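Structure at a glance
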Amino acid sequence: MERAIPWASIDVLFIGGTTDWKLSPDAAQLAQHAKRRGLWLHMGRVNSGKRWRYAKELDCDSADGTFLAFAPDANLERLRRWERHDHG
């Protein structure tokens with residue numbers, strides 16, 4: 001799989017798509033290849049503490065989701081707790 005990717009043409013690897021794909025060994029392997037090449041790694045639809053931890057396990061540099069769009073006052077503090085837990 002690694003040889004089929006045009007790595008020299010890629011600036012960032014975006015891990016998105018279905019939940020099954022994002023949590024698959026193939027997606028994790030692509031993430032590892034990207035990080036070894038010094039690429040930025042981003043994961044989409046990170047809307048739970050469990051998904052946040054998984055994105056951190058893959059060494060994602062960034063993530064996004066709609067989590068803060070719903071009840072931002074309450075969910076911002078939850079997001080901060082996820083971050084403190086990962087760095088504490």
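Report follows, based on the coordinates.

How each quantity is defined
- Counting restarts for each chain: residues are numbered from 1 in the order of the written sequence.
- Thresholds applied to this predicted model are a pLDDT of at least 70 for local features of residues and 80 or more for the giving and counting of side-chain atom pairs; totals over whole chains, interfaces and linings are not thresholded and use all residues.
- For side-chain calculations, the full set of non-hydrogen atoms in the structure is used, while hydrogens and water are omitted.
- As used here, the term nonpolar core means buried Ala, Val, Leu, Ile, Met, Phe, Trp, Tyr and Cys residues forming a set that is joined through side-chain atoms within 4.5 Å.
- Exposed residues in this analysis have more than 50% of their type's maximum accessible area, buried residues have under 20%, and partly exposed residues fall in between, with area computed by a 1.4 Å probe over protein chains only.
- Numbering goes from the N terminus for both helices and strands, where a helix is a DSSP run of H or I of at least four residues and a strand is a run of E of at least two.
- For this analysis, residues touch if any pair of their heavy atoms sits within 4.5 Å.
- Two strands are counted as paired when DSSP detects at least two bridges linking them.
- All axes here are fitted lines through C-alpha atoms, helices being fitted over the stretch that makes contact, and every angle between N-to-C directions spans 0 to 180 degrees.
- The rule for a salt bridge is simple: a side-chain nitrogen of Lys or Arg has to be within 4 Å of a carboxyl oxygen of Asp or Glu.

Further remarks concern the nonpolar core. If you look at the biggest cluster of nonpolar residues, it comprises 20 residues, and the most contacted ones within it are Trp7, Leu13, Ile15, Leu41, Met43, Leu58 and Cys60. If one sorts the elements of this core by residue count, helix α2 (residues 25-36) sits on top with five residues. The residues touching Leu58, leaving out its near neighbours within four places in the chain, are Ala28, Ala31, Lys35, Leu41 and Met43.

This paragraph deals with the sheet that holds strand β1 (residues 12-15). Strand order in the open sheet formed by three strands is β1-β2-β3, and the pairing between neighbours is parallel. Taken across any chain shown, the strands that pair with only one partner, and hence form the sheet edges, are β1 and β3 (62-63). Here strand β2 (residues 40-43) runs beside β3; their pairing, made up of two bridges, is parallel. Residue His42 lies in a different strand from β3, and its bridge partner there is Ser62. Docked against the sheet, α2 engages β1 and β2, running at close to 160° with respect to β1.

Tracing the sequence through the fold places Ala27 in helix α2. Here the alpha-carbon distance between Ala27 and Leu58, two residues 31 residues apart in the chain, equals 9.5 Å. For Ala27, the residues in contact, after removing those within four places along its chain, are Ile15, Trp21 and Lys22.

Here Asp20 is to be found in helix α1 (residues 19-22). Given the relative accessible area of 67%, Asp20 is considered exposed. Separated by 10 residues in the primary sequence, Asp20 and Ile10 place their C-alpha atoms 24 Å from one another.

A word on the pattern of salt bridges. Across all of its chains, the model carries three salt bridges by this definition. For the salt bridge of Lys35 with Asp59, the shortest nitrogen-to-oxygen distance reads 4.0 Å. Of this pair, Lys35 sits in helix α2 while Asp59 sits in the loop between α3 (49-57) and β3; the two residues are 24 residues apart in sequence, bridging distant segments of the chain. Given a relative accessible area of 23%, Lys35 falls into the partly exposed group.

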